[in-house]
Amino acid sequence: MILILVLAYFGRGYLEERIESIHRKVDRVSASSLKVKTDLRHHEREALVALHLALTEWEHYLLGAPTLITTASFDENFSNDFYNKEDDFLLKVKLASAKLSVLVSNRDIDLKLYELIQQVQVSYQPVVNGMINQVIDLRSEAALLEQEVAASVELEKRGEVTPILVEKARKNLNRVKEINQMLTNLAKNASEKQIEIQRPLREKFENFKILSQALIYRTLENDQIGKD
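What counts and what doesn't
Residues numbered from 1 in each chain as written. Predicted model: local features only at pLDDT ≥ 70, side-chain atom pairs only at ≥ 80, totals over all residues. Heavy atoms only, no water. Helix = DSSP H or I, 4+ residues; strand = E, 2+ residues; numbered from the N terminus. Buried < 20%, exposed > 50% of the residue type's maximum accessible area, 1.4 Å probe, protein only. Contact = heavy atoms within 4.5 Å. Areas by Shrake-Rupley, 256 points an atom, 1.4 Å probe, with all protein chains shown as cover. Polar contact = N/O pair within 3.5 Å; in protein donor to acceptor, adjacent residues only side chain to side chain. Expected span 1.5 Å × (residues − 1). Core = buried A, V, L, I, M, F, W, Y, C linked by side-chain atoms within 4.5 Å. Axes fitted to C-alpha atoms, helices over the stretch in contact; angles between N-to-C directions. Parallel < 35°, antiparallel > 145°, perpendicular 65-115°, else oblique. Left-handed = near helix turned anticlockwise from the far one by under 90°. Phe/Tyr/Trp six-rings, centres within 6.5 Å; stacked < 30°, edge-to-face > 60°. pLDDT = per-residue confidence, 0-100. Nonpolar A, V, L, I, M, F, W, Y, C, P; charged D, E, K, R; others polar.

A.B. asks: Could you give an account of the overall build of the protein, naming the residues involved and the relevant values?
C.D. replies: From N to C terminus, the protein includes 5 helices and 0 strands. Taking all 228 residues of the protein together, the buried fraction comes to 30%. Relative to all contacts within the protein whose residues are 6 or more apart in sequence, the contacts with residues 24 or more apart total 83%. Of the accessible surface of the protein, which amounts to about 15,200 Å², a share of 57% is contributed by carbon and sulfur atoms.

So, in structure tokens, the structure goes:
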């Protein structure tokens with residue numbers, strides 16, 4: 001009987017020690033997992049900052065587009081340069097969003113971003129495209145007319161001008177003046193367009209920023225990796 005009690009006592013001590021050892025191991029794993037998740041949150045927040053900076057650059061370029069379009073120097077690559085630069089800003093946003101969505105293992109960010117892009121394209125691009133087309137048409141016409149006027153001046157210097165050419169040159173000059181006035185008016189209207197698109201565009205960007213921020217600053221409810 002005594003032997004049984006002794007064995008039971010030592011067996012109980014051994015079992016308690018094993019249980020305590022398991023608890024210590026679980027605590028170490030839990031602490032390690034929590035540290036990994038805490039470190040991951042740091043990287044998530046860095047990625048969030050990068051995304052918001054990229055969004056701000058894209059937004060700034062879009063908001064300044066009306067003034068830029070009507071005041072920038074014009075050449076045959078004007079529209080291509082404009083759209084290529086906008087595409088560069090947008091690519092930075094997409095890359096930053098992709099990195100963040102991988103870190104948080106959540107594709108909602110990318111889906112919401114593409115919703116934002118679609119909203120911008122629907123509400124914003126018609127305004128910008130219309131202005132670009134106007135500027136291209138007017139400046140292209142003015143460039144051709146100026147070439148004709150310059151040719152008439154050269155003919156006049158050589159004494160080869162005719163009344164018909166003089167009248168045509170006069171009309172061309174008047175048309176160039178009209179075009180310059182139209183471009184001036186377009187530039188003035190650009191500031192109004194800029195104000196007009198500013199609020200709805202900024203609201204779209206701000207809503208996306210708030211949504212992405214809420215996803216990153218979520219509460220940690222579980223110390224296990226792969227679970228919030």
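A.B. asks: I'd like to hear about the environment of Asp110, residue by residue, with values.
C.D. replies: Position of Asp110 among the secondary structure elements: in helix H3 (residues 108–123). Spatially, the C-alpha atom of Asp110 lies 7.8 Å from that of Lys94, the residues being 16 residues apart in sequence. Those residues in contact with Asp110 that sit more than four places away from it in its chain are Ser97, Ala98 and Ser101. A polar side-chain atom of Asp110 sits 3.1 Å from a polar atom in the side chain of Ser101.

A.B. asks: Hey, could you go over helix H2 (residues 78–103) for me, with residue numbers and the actual values?
C.D. replies: For H2, which comprises 26 residues, the first-to-last C-alpha distance of 39 Å matches the rise-based estimate of 38 Å (1.5 Å per residue) to within 8%. Within the sequence span of H2, burial applies to Phe78, Ser79, Phe82, Glu86, Phe89, Leu90, Val93, Ala96, Ser97, Leu100 and Ser101. Backbone geometry just after H2 places Ser105 at a positive phi near 55°.

A.B. asks: Break down the nonpolar core for me, citing the residues and quoting the values.
C.D. replies: Of all hydrophobic cores here, the largest spans 39 residues; its most connected members are Trp58 and Ile69. Elements represented by at least two residues in this core include exactly helix H1 (2–71), H2, H3, helix H4 (125–157) and helix H5 (163–216). The biggest single contributor to this core is H1, with 11 residues. Setting aside residues up to four positions removed in sequence, Trp58 forms contacts with Glu86, Phe89, Leu90, Val93, Leu116, Ile117, Val120 and Phe205. Core analysis: the second largest hydrophobic core is formed by 6 residues, Leu138, Ala142, Ile179 and Leu183 among them.

A.B. asks: If you had to explain the packing of H2 against H3 to someone new, which residues and values would you point to?
C.D. replies: Their axes nearest at 9 Å, the elements H2 and H3 cross at an angle of 160°. It follows from the interaxial angle that H2 and H3 lie roughly antiparallel. Regarding H2 and H3, the two cross each other, and that crossing is right-handed. Only Ile109, Asp110, Leu113, Tyr114 and Ile117 of H3 make contact with H2, whose side of the interface consists of Leu90, Val93, Lys94, Ser97, Ala98, Leu100 and Ser101.

A.B. asks: Please give an account of the environment of Glu196 that cites residues and values.
C.D. replies: Tracing the backbone through its elements, the reader meets Glu196 in helix H5. Between the C-alpha atom of Glu196 and that of Leu63, which follows or precedes it by 133 residues, the distance is 9.9 Å.

A.B. asks: Please provide a residue-by-residue account of the packing of aromatic side chains, values included.
C.D. replies: Enumeration according to the criterion identifies 4 aromatic pairs in this entry. Pairing Trp58 with Phe205 gives two aromatic rings, centres 5.0 Å apart and planes at 65°, and the pair type is edge-to-face. One end of the pair, Trp58, is in helix H1; the other, Phe205, is in helix H5, with 147 residues separating them in the sequence. Neither Trp58 nor Phe205 differs from the other in exposure class; each is buried.

A.B. asks: Describe the confidence of the model for the protein, and please don't skip the residues or the numbers.
C.D. replies: Averaged over every residue, the pLDDT of the protein is 77; the share at 70 or more is 77%. Contacts from residues 5–10, a stretch scored under 50 in pLDDT, to residues over four places away or in other chains number 0 contacts. Confidence drops under a pLDDT of 50 for residues 25–32, and excluding neighbours within four residues, the segment shows 1 contact in the predicted structure.

A.B. asks: Describe in detail the packing of H2 against H4, supporting the description with residues and values.
C.D. replies: Viewed as axis vectors pointing N to C, H2 and H4 meet at an angle of 155°, and their least axial separation amounts to 10 Å. Accordingly, the angle class assigned to the pair H2 and H4 is roughly antiparallel. Of H4, the residues touching H2 (which contributes Phe78, Ser79, Phe82, Tyr83 and Glu86) are Gln125, Val128, Asn129, Ile132, Val135 and Ile136. Its residues assigned to classes, the contact of H2 with H4 comprises 7 nonpolar, 3 polar and 1 charged.

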